[in-house]
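Survey of secondary and tertiary structure
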Amino acid sequence: MAFQHQAGTAMECLSIPITLQKEPGLDSEGREVLKCGFKIGGGIDQDYRKSPQGYTDNGIYVTEVHDGSPAAKSGLRTHDKILQCNGYDFTMVTHKKAVDYIRKHPKLNLLVARKGVTST
């Protein structure tokens with residue numbers, strides 16, 4: 001079960017593959033950057049009990065998806081739990097490590113778990 005998962009233990013769940021190609025954009029200071037259009041929360045260094053979204057474990061969760069963004073076009077949804085990014089295990093990472101990893105890659109091959117989805 002992907003939700004209420006304890007970091008470091010085996011998990012069995014349906015994972016949804018999502019490919020997200022970042023698009024050029026400008027940051028708040030006018031510099032050109034590659035944008036993905038989503039925000040994340042969580043991580044093994046965070047206290048999930050303080051999560052305003054009510055998450056039940058220390059996974060990395062999508063907390064916001066911007067309309068019309070590469071994330072929205074790829075099918076990523078708010079509250080998806082990111083299990084892997086480009087083959088890198090996201091079930092045992094800190095928040096900063098997850099953000100840094102997402103920022104450094106122009107293309108993201110994600111595996112996510114989605115509440116309520118048990119088959120494709």
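Now for a look at the structure at hand. (Residues numbered from 1 in each chain as written. Predicted model: local features only at pLDDT ≥ 70, side-chain atom pairs only at ≥ 80, totals over all residues. Heavy atoms only, no water.)

On to the pairing of strand S6 (residues 81-85). In terms of burial, S6 is a largely internal element, four of the five residues being buried. In this sheet, strand S8 (residues 107-113) lies alongside S6 in antiparallel orientation, the contact comprising four bridges. Paired with Ile82 across the bridge in S8 is Val112. Where S6 lies against strand S7 (residues 88-89), two bridges are found, and the strand directions are antiparallel. Across the sheet, residue Cys85 finds its bridge partner in S7, namely Tyr88. With antiparallel pairing between neighbouring strands as the criterion, S6 and S7 make up a hairpin whose turn holds two residues, including Asn86 at a positive phi of roughly 55°. (Buried < 20%, exposed > 50% of the residue type's maximum accessible area, 1.4 Å probe, protein only. Helix = DSSP H or I, 4+ residues; strand = E, 2+ residues; numbered from the N terminus. Pairing = 2+ DSSP bridges.)

For the coordinates displayed, the defined rule picks out four aromatic pairs. When the ring of Tyr55 is compared with that of Tyr61, the centres are 3.9 Å apart and the planes differ by 5°; the resulting orientation is stacked. Assessed through its relative accessible area of 11%, Tyr55 is described here as buried. Ring-pair connections join several aromatic residues into one group, and the members of that group are Tyr88, Phe90 and Tyr101. Here the basic side chain of Arg49 rests over the ring of Tyr48, its NZ or CZ set 5.9 Å away from the ring centre. (Phe/Tyr/Trp six-rings, centres within 6.5 Å; stacked < 30°, edge-to-face > 60°. Lys NZ or Arg CZ within 6 Å of the ring centre and 35° of its normal.)

A separate point is the environment of Lys104. Positionally, Lys104 belongs in helix H2 (residues 95-104). Overall, the relative accessible area of 58% leaves Lys104 in the exposed class. Sequence separation between Lys104 and Leu34 is 70 residues, and the spatial gap between their C-alpha atoms is 9.3 Å.

Along the polypeptide, Ser69 turns up in the loop between strand S5 (60-65) and helix H1 (70-74). Ser69 sits in the buried class, given a relative accessible area of 7%. One polar contact links the side chain of Ser69 to the main-chain carbonyl oxygen of His66, over a distance of 2.6 Å. Among residues more than four places away in sequence, those in contact with Ser69 are Cys36 and Gly37. (Polar contact = N/O pair within 3.5 Å; in protein donor to acceptor, adjacent residues only side chain to side chain. Contact = heavy atoms within 4.5 Å.)

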